[in-house]
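These are the residues of each chain, in order.
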Amino acid sequence: SSAPPVATADLSLTKTGDPNPVDSGNELTYTLSVTNNGPDTAVNIHLTDNLPSGVVFVSASEECINTGNNVSCDLGALSNGSVTEVLITVMASQPGFIMNSASVNSASTNDNNLENNTATAVTQVS
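Residues numbered from 1 in each chain as written. Predicted model: local features only at pLDDT ≥ 70, side-chain atom pairs only at ≥ 80, totals over all residues. Heavy atoms only, no water.

Focus: the environment of Ala107
Cut-off, in case you're wondering: Secondary structure elements are taken from DSSP: a helix is a run of H or I of four residues or more, a strand is a run of E of two residues or more, and numbering for both begins at the N terminus. Contacts are assigned to residue pairs with any non-hydrogen atoms lying within 4.5 Å of each other.
Inspection of the secondary structure assignment puts Ala107 in the loop between β8 (96-106) and β9 (118-125). For the pair Ala107 and Thr35, spaced 72 residues apart in the sequence, the C-alpha separation amounts to 16 Å. When residues no more than four places from it in sequence are discounted, the contact partners of Ala107 are Val43 and Asn44.

In structure tokens form, the structure reads like this:
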């Protein structure tokens, strides 16, 4: 008997920061949207956001944990066509530009398009 085919799903990630620009010392919330473009259900989805210098972690969605400004979220499964959102709130601690990148992957589902698994938000801090 042959092994069942490995499920394939195309996860994609978008990320925005609001407000932009933000005043130093104020809070900024990142919205990270994970979409499964299918065709199969993606399981064991993991989102990672290594927060850059210039921000201090405040809070994140309940499926996330923060360790040393490294936010890690276990998002479970996402069926074809579904979207899930994660919110991460930080305090902007110094003027300039903050570039914050995040990535998403599935531990158990083959992703045939890795080009859209990373997203970056650039925020101006005044």
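Quick look at the pattern of salt bridges
Our working rule: Criterion for a salt bridge: a side-chain nitrogen of Lys or Arg within 4 Å of a carboxyl oxygen of Asp or Glu. The classification of residues rests on relative accessible area computed with a 1.4 Å probe and restricted to protein chains. Under 20% of the type maximum is buried, over 50% is exposed, and intermediate values are partly exposed.
On inspection of all chains with the given rule, the structure shows one salt bridge. For Asp49, the salt bridge is made with Lys15, and the minimal N-O distance between the two is 2.7 Å. You can see Asp49 sitting in strand β3 (residues 42-50) and its partner Lys15 sitting in strand β1 (residues 9-18), a full 34 residues away along the chain. The buried category is assigned to Asp49, whose relative accessible area is 0%. Owing to a relative accessible area of 8%, Lys15 belongs among the buried residues under this scheme.

Focus: the sheet that holds strand β4 (residues 55-60)
Condition: Between any two strands, at least two bridges found by DSSP are needed for them to pair. Working convention: axes come from line fits to C-alpha atoms, limited for helices to the stretch in contact. Angles between N-to-C directions cover 0 to 180 degrees.
Taken in spatial order, the four strands line up as β1-β2-β7-β4 in an open sheet, and their pairing is antiparallel. The sheet terminates laterally at β1 and β4, the two strands that pair on one side only. Each adjacent strand pair in this sheet contributes to an overall mean axis angle of 25 degrees, direction not counted. Note that strand β2 (residues 27-39) and strand β7 (residues 83-92) share nine bridges and pair antiparallel. Residue pairing for β7: Thr29 is matched across the bridge by Thr89.

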